[in-house]
Amino acid sequence: MPEAVVEIKGLTKDFKTLRAVDDVSFCIYPGEILGLLGPNGAGKTTIIHMILGLTTPTSGEIRMFGCDLKKTRQACVQNANFSSTYVSMPNSLTVKECLKVFARLYKVKNRNKRITEVLNIFEIEDIQNHMVRTLSSGQQTRLNLAKSLINSPKILLLDEPTASLDPDIADKTRTMLRSITRERNISILYTSHNMKEMEEISDRLIFLHHGKIIAQGKPKEVIKNYRGKNLEEVFLKVAREGHP
Ligand SMILES: Nc1ncnc2c1ncn2[C@@H]1O[C@H](COP(=O)(O)OP(=O)(O)OP(=O)(O)O)[C@@H](O)[C@H]1O
Ligand SMILES: [Mg+2]
């Protein structure tokens, strides 16, 4: 087994009386896409926020690139990035200006070249001078994804990245994400409520329910172990009956 890019042990997060994440342990390995799935409120976004250092865990340990995230957050997040359909970019900037700001923040070398590359990957060169506030939700999502690659991260945390994409761009996005994991050995933690997408894109899955891991494995194994025809069926059993 190669050394994990992210190693999580006993991670727990309480919001007052609510235990949102409950003693969760897992690893993300180089070049893999790990799908994190579970019903609304299961704790997926909270886990992503803790890995990004945006939310402080109540207890447990997060190691990134072999280092304790608490002690080396700045160095770790320089090599990580994030995209969520639900996080918007500054409204008063153009698409290109946004990417410039993030390229500076991440101290990207050859900024203009990298900006052209990420605009290209998500086919948004034609709207690079448009103001963010005028973008459609799918265009905003593509800008968000372009931003998430600006620093050529080693770990990408994608929280429902395809939620507002049309089927064509969603498919291209999945193909692109697959190829960057293969070619550049990038690891991805991925959430989506589209079970077909999760089945297709994930090398491994972690199923969360009420903050706890209740199932994990390769998509085919999870489906087989829980006697579903597909992941959607397993998901519905879990969401409705509380167990697979
Ligand atoms: N800042 C916060 N303060 C209080 N409670 C919170 C906070 N953030 C999240 N929660 C609660 O923690 C639980 C887990 O939320 P989280 O956003 O991680 O779920 P999720 O799995 O991402 O759900 P969804 O599929 O709806 O995005 C929810 O019950 C939510 O209300
Ligand atoms: Mg969420």
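Section: the pairing of strand S3 (residues 33–37)
- Counting buried positions along S3 gives five out of five residues, so the element sits mostly inside the fold.
- Here S3 shows a buried face lined by Ile33, Gly35 and Leu37 and a second buried face lined by Leu34 and Leu36.
- Bridging between S3 and strand S9 (residues 204–209) involves four bridges; their strand directions are parallel. Paired with Leu34 across the two strands is Arg204, which belongs to S9.

Overview of the pattern of salt bridges
- With the rule as written, the count across this model stands at 16 salt bridges.
- Of the charged contacts in the structure, one is a salt bridge between Glu7 and Lys9, with a shortest N-O distance of 3.8 Å.
- A relative accessible area of 28% means that Glu7 is categorised as partly exposed.
- Across the pair Lys172 and Glu123 runs a salt bridge whose closest N-O atoms are separated by 3.4 Å.

Re the sheet that holds S3
- With mixed pairing, the six strands of this open sheet are ordered in space as S6-S7-S8-S3-S9-S10. Each of the sheet's edge strands pairs with one partner strand only, and the pair in question is strand S6 (80–84) and strand S10 (212–217). Each neighbouring strand pair of the sheet contributes to a mean axis angle of 15 degrees, computed without reference to strand direction.
- Direction of pairing for S6 relative to strand S7 (residues 155–159): parallel, over a ladder of five bridges. Paired with Ser84 across the strands is Asp159, a residue of S7.

Looking at helix H6 (residues 167–184)
- In a regular helix each residue adds 1.5 Å, so 18 residues correspond to 26 Å; H6 covers 25 Å between its end C-alpha atoms and thus fits that length.
- Taken as a whole, H6 has its buried residues at Ile169, Ala170, Thr173, Arg174, Met176, Leu177, Ile180 and Thr181. Summarising the axial view, the buried residues of H6 lie within an arc of 165 degrees, below the 170-degree limit, and thus occupy one face. For H6, the exposed residues set more than 90 degrees away from the buried face come down to Pro167, Arg182 and Glu183.
- Residues of H6 that are buried in the fold lie against S3, helix H4 (111–121), helix H5 (137–148), S7, strand S8 (187–191) and helix H7 (195–201).

Concerning the domain arrangement of the protein chain
- Considered domain by domain, the protein chain is made up of domain 1 (1–79 + 155–161 + 186–244) and domain 2 (82–152).
- The C-alpha centroid of domain 2 is placed 26 Å from the C-alpha centroid of domain 1.
- Both sides together, the interface formed by domain 1 and domain 2 hides about 960 Å², and carbon and sulfur atoms give 52% of it.
- Taken together, domain 1 and domain 2 are joined by six residue pairs in polar contact (both at pLDDT 80 or more).
- Every element with two or more residues in the side of domain 1 that touches domain 2 is listed here: helix H1 (44–51), helix H2 (73–78) and S7.
- Per-element tally for the side of domain 1 that touches domain 2: the top contributor is S7, with four residues.

A closer look at the environment of Val101
- Along the polypeptide, Val101 turns up in helix H3 (residues 95–105).
- Overall, Val101 belongs to the partly exposed group, its relative accessible area being 37%.
- Val101 sits 46 residues away from Lys147 along the chain, and the two C-alpha atoms are 9.7 Å apart.

Considering the nonpolar core
- With 46 residues, the main nonpolar core has Leu99, Leu143, Ile150 and Leu177 as its most contacted residues.
- Per-domain counts for this core show at least three residues from each of domain 1 (1–79 + 155–161 + 186–244) and domain 2 (82–152).
- Once residues lying within four places of it in the same chain are set aside, the contact partners of Ile150 are Asn81, Leu99, Phe102, Ala103, Tyr106, Val108, Arg114, Ile115 and Val118.
- Residues Val6, Val24, Ile62 and Cys76 belong to the second largest nonpolar core, which totals 27 residues.

Digging into the site of ligand 1
- In the vicinity of ligand 1 there are 13 residues, among which Gly41, Lys44, Thr45, Thr46 and His193 approach most closely.
- Contact between ligand 1 and His193: an oxygen atom at 2.8 Å from a side-chain N or O atom of the residue.
- Look at ligand 1: alone it shows 630 Å² of surface, and the protein chains cover 59% of it.
- Within the residue set of the shell around ligand 1, elements represented by two or more residues are strand S2 (18–28) and H1.
- Sorting elements by how many residues they give to the shell around ligand 1 places H1 first, with three residues.
- For the shell around ligand 1, the class distribution of residues is five nonpolar, six polar and two charged.

Rules and cut-offs
Residues numbered from 1 in each chain as written. Chains lettered and ligands numbered in written order. Predicted model: local features only at pLDDT ≥ 70, side-chain atom pairs only at ≥ 80, totals over all residues. Heavy atoms only, no water. Buried < 20%, exposed > 50% of the residue type's maximum accessible area, 1.4 Å probe, protein only. Helix = DSSP H or I, 4+ residues; strand = E, 2+ residues; numbered from the N terminus. Pairing = 2+ DSSP bridges. Salt bridge = Lys/Arg side-chain N within 4 Å of Asp/Glu carboxyl O. Axes fitted to C-alpha atoms, helices over the stretch in contact; angles between N-to-C directions. Expected span 1.5 Å × (residues − 1). Arc of directions from axis to C-beta. Contact = heavy atoms within 4.5 Å. Domains from an automatic or database assignment. Buried area = accessible area lost by both parts, 1.4 Å probe. Polar contact = N/O pair within 3.5 Å; in protein donor to acceptor, adjacent residues only side chain to side chain. Core = buried A, V, L, I, M, F, W, Y, C linked by side-chain atoms within 4.5 Å. Near = heavy atom within 4 Å. Areas by Shrake-Rupley, 256 points an atom, 1.4 Å probe, with all protein chains shown as cover. Nonpolar A, V, L, I, M, F, W, Y, C, P; charged D, E, K, R; others polar.

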